[in-house]
Amino acid sequence: GILERLNAGEIVIGDGGFVFALEKRGYVKAGPWTPEAATQYPEAVRQLHREFLRAGANIMQTFTFYASDDKLENRGNKLSYTGAQINEAACNLAREVANEGDALVAGGVSQTPSYLSCKSGTEVKAIFKKQLDVFTKKNVDFLIAEYFEHVEEAVWAVEVLKETGKPVAATLCIGPEGDMHGVSPGECAVRLVKAGAQIVGVNCHFDPLTCVKTVKMMKEGVEKAGLKAHYMVQPLAFHTPDCNCQGFIDLPEFPFGLEPRILTRWDMHKYAREAYNAGIRYIGGCCGFEPYHIRAVAEELAPERGFLPAASEKHGLWGAGLEMHTKPWVRASALMWRFLLLQETFLHPEVNLEVVMGSKVSSKMAAPTARVIQVN
């Protein structure tokens, strides 16, 4: 189970972002961001699960983001399927693919329009309970309350999820400034742990390094309170240095013009190393994360995990595959990537130069950060 893996010190790699990936592929509508594709286009959802599994993810999260009944019917969104049908289909797809590898299935709930409409705690909890009934019936391995802007609602979700006796994780979509009511990351984490969450962290809204910083603040708060928890992070795959407290949804490019902000695979190596060094052991992604991003995370942490993902079969590390190209200048670029990596040794004196110049990278160093090379 998830807690057994984390208690043993294993690194757990989550999957990436489904709604953004499937919107680009033509299976999710931007705006509602609802997951009816699990019933309408199951092969698309199944294939994305498989790609994340092959890339190194060992958590298959059910495609149940915004799958509560109130969200599915929100603002005139008309569907041909019930919430129960969508949640069941999503559980079936996640389990099918998880069984193809060493993966666990996580059933997920997220924030509700009912909370934002000032419904009572009892009413909001009843919405979570309807989704939870499906997850219990389908016997998911653990539960995640994800994408909550307000810790109060996240606590309500955790209180419902923990009734099953299954492990519970909880992630807020907040940055260092805290939730929308100004509750600090540290205090948010304390409230979630006290409510019963064994794993806490953040997902979405901000770039990887901002999210890692926020989880570090949560970790400090939990430890200061004398509590214990495991920590997880599933950030955006976009650079968001100019975001306010609501994250990327306030950017003028959201959601259709975000591509210039996308992180490279090298950025993902750095993210994975920063998260690991911060003591985070559940490391995944959210909106914008494609399978190649997760593969980069898995490759960076391969020395600690003891193996590379299956998708690395088709990926020469640090540009090694380019040495097979027919064009000599492209073959030369393979050396360029190693040169850029060598430059990083001045910042990381612990790097083994023999490893850098060979076919693999020291496990103590993240990949080269993105650079601009000027050719005169």
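Being a predicted model, the structure only gives us computed values, none of them experimental. (Residues numbered from 1 in each chain as written. Predicted model: local features only at pLDDT ≥ 70, side-chain atom pairs only at ≥ 80, totals over all residues. Heavy atoms only, no water.)

Chemist: Quick rundown of the overall build of the chain? Include the residues and the values.
Modeler: Check the secondary structure of the chain and you find 16 helices and eight strands. Looking at the 376 residues of the chain, the share that counts as buried comes to 56%. Partitioning the contacts of the chain with sequence separation of at least 6, the portion at a separation of at least 24 is 75%. When the accessible surface of the chain is split by element, carbon and sulfur atoms take 52% of a total near 16200 Å². (Helix = DSSP H or I, 4+ residues; strand = E, 2+ residues; numbered from the N terminus. Buried < 20%, exposed > 50% of the residue type's maximum accessible area, 1.4 Å probe, protein only. Contact = heavy atoms within 4.5 Å. Areas by Shrake-Rupley, 256 points an atom, 1.4 Å probe, with all protein chains shown as cover.)

Chemist: Help me get a handle on empty space enclosed by the protein, residues and values and all.
Modeler: Per the stated rule, a full pass over the model turns up one cavity of 30 Å³ or more. For the largest cavity, the lining is made up of 17 residues, of which Gly16, Phe18, Phe65, Glu146 and Cys286 are closest to its centre. Only helix H2 (18-24) and strand S4 (142-148) provide two or more residues apiece to the lining of the largest cavity. In the lining of the largest cavity, the residues fall into eight nonpolar, seven polar and two charged. (1 Å grid on protein atoms, 1.4 Å probe; cavity = no way out; pocket = protein on both sides within 12 Å on 5 of 7 lines; lining within 4 Å. Points joined across faces, edges and corners; volume = space filled by probe spheres on them. Nonpolar A, V, L, I, M, F, W, Y, C, P; charged D, E, K, R; others polar.)

Chemist: How would you explain the side chain of threonine 34 if you had to name every residue and give the values?
Modeler: Its location among the elements puts threonine 34 in the loop between H2 and helix H3 (37-40). Classification of threonine 34 by relative accessible area gives buried; the value is 1%. Within the structure, threonine 34 has its side chain in polar contact with the side chain of glutamate 36 (distance 2.7 Å). (Polar contact = N/O pair within 3.5 Å; in protein donor to acceptor, adjacent residues only side chain to side chain.)

Chemist: So what's going on with the sheet that holds S4? Residues and values would help.
Modeler: One key point about sheets: their strands pair by backbone hydrogen bonds, in either a parallel or an antiparallel sense. Pairing is parallel in the open sheet, where eight strands are placed in the order S1-S8-S7-S6-S5-S4-S3-S2. The sheet terminates laterally at strand S1 (12-13) and strand S2 (59-61), the two strands that pair on one side only. Here S2 pairs with strand S3 (residues 104-109) via three bridges, running parallel. From the neighbouring strand, glutamine 61 faces S3, where its bridge partner is alanine 106. (Pairing = 2+ DSSP bridges.)

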